[in-house]
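Structure assessment
The lines below spell out each chain.
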Amino acid sequence: MDLDAAIDDLGHECRERFEAGDAVAAAQVEALLALADAVTDHLGEWRRLTATIELRAPFDGRRAGLLLLESVFDDILEAAPWRVLAAAVAAAESGE
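My aim in this report is to walk through the structure given alongside it, one point at a time. Just so it is clear, the model here is predicted, and its values are computed rather than measured.

1. Quick look at the overall build of the protein chain
- Along the backbone of the protein chain there are 4 helices and 0 strands.
- Counting helices and strands in the order they occur from the N terminus, the protein chain gives α-α-α-α.
- Overall, the C-alpha framework of the protein chain stretches about 55 × 25 × 20 Å when taken along its three principal axes.
- When burial is assessed residue by residue, the protein chain has 31% of its 96 residues classed as buried.
- Taking all contacts inside the protein chain whose residues are at least 6 apart in sequence as the whole, residues at least 24 apart take part in 54%.

Now the structure itself:
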């Protein structure tokens, strides 16, 4: 799912669940995008550090990001916010 579609889905879900759904969605998106920035900053550091190590395969930041999100956030985020976070990390790692 692309980032815009994930954000739209989160907005729709928040409007259904909360009286101030747009405000809730906006606050969640802001926090999720900041979290995605932090994750991608760390992935960049991992990429830089692994460049000095002999690896069996090239470092794949997009895969590493997805695995990190699944292992850390899969059980604590609802589906719509998780999709926003995953899409933001995937977009950053693919250079979008």
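That covers the picture; the talk isn't over yet.
2. Here's the deal with the pattern of salt bridges
- Across all of its chains, the model carries 4 salt bridges by this definition.
- A salt bridge links Arg-48 to Glu-45; the nearest nitrogen and oxygen atoms lie 2.6 Å apart. Pair noted here: Arg-48 and Glu-45 are both in helix H2 (residues 21-50), with a separation of 3 residues, about one helical turn.
- For Arg-47, the salt bridge goes to Glu-93, with nearest N and O atoms at 2.3 Å. Residue Arg-47 is located in helix H2, and its partner Glu-93 is located in helix H4 (residues 79-93); the two are separated by 46 residues in the primary sequence.
- For Glu-93, a relative accessible area of 19% corresponds to the buried category.

How each quantity is defined
Residues numbered from 1 in each chain as written. Predicted model: local features only at pLDDT ≥ 70, side-chain atom pairs only at ≥ 80, totals over all residues. Heavy atoms only, no water. Helix = DSSP H or I, 4+ residues; strand = E, 2+ residues; numbered from the N terminus. Buried < 20%, exposed > 50% of the residue type's maximum accessible area, 1.4 Å probe, protein only. Contact = heavy atoms within 4.5 Å. Salt bridge = Lys/Arg side-chain N within 4 Å of Asp/Glu carboxyl O.

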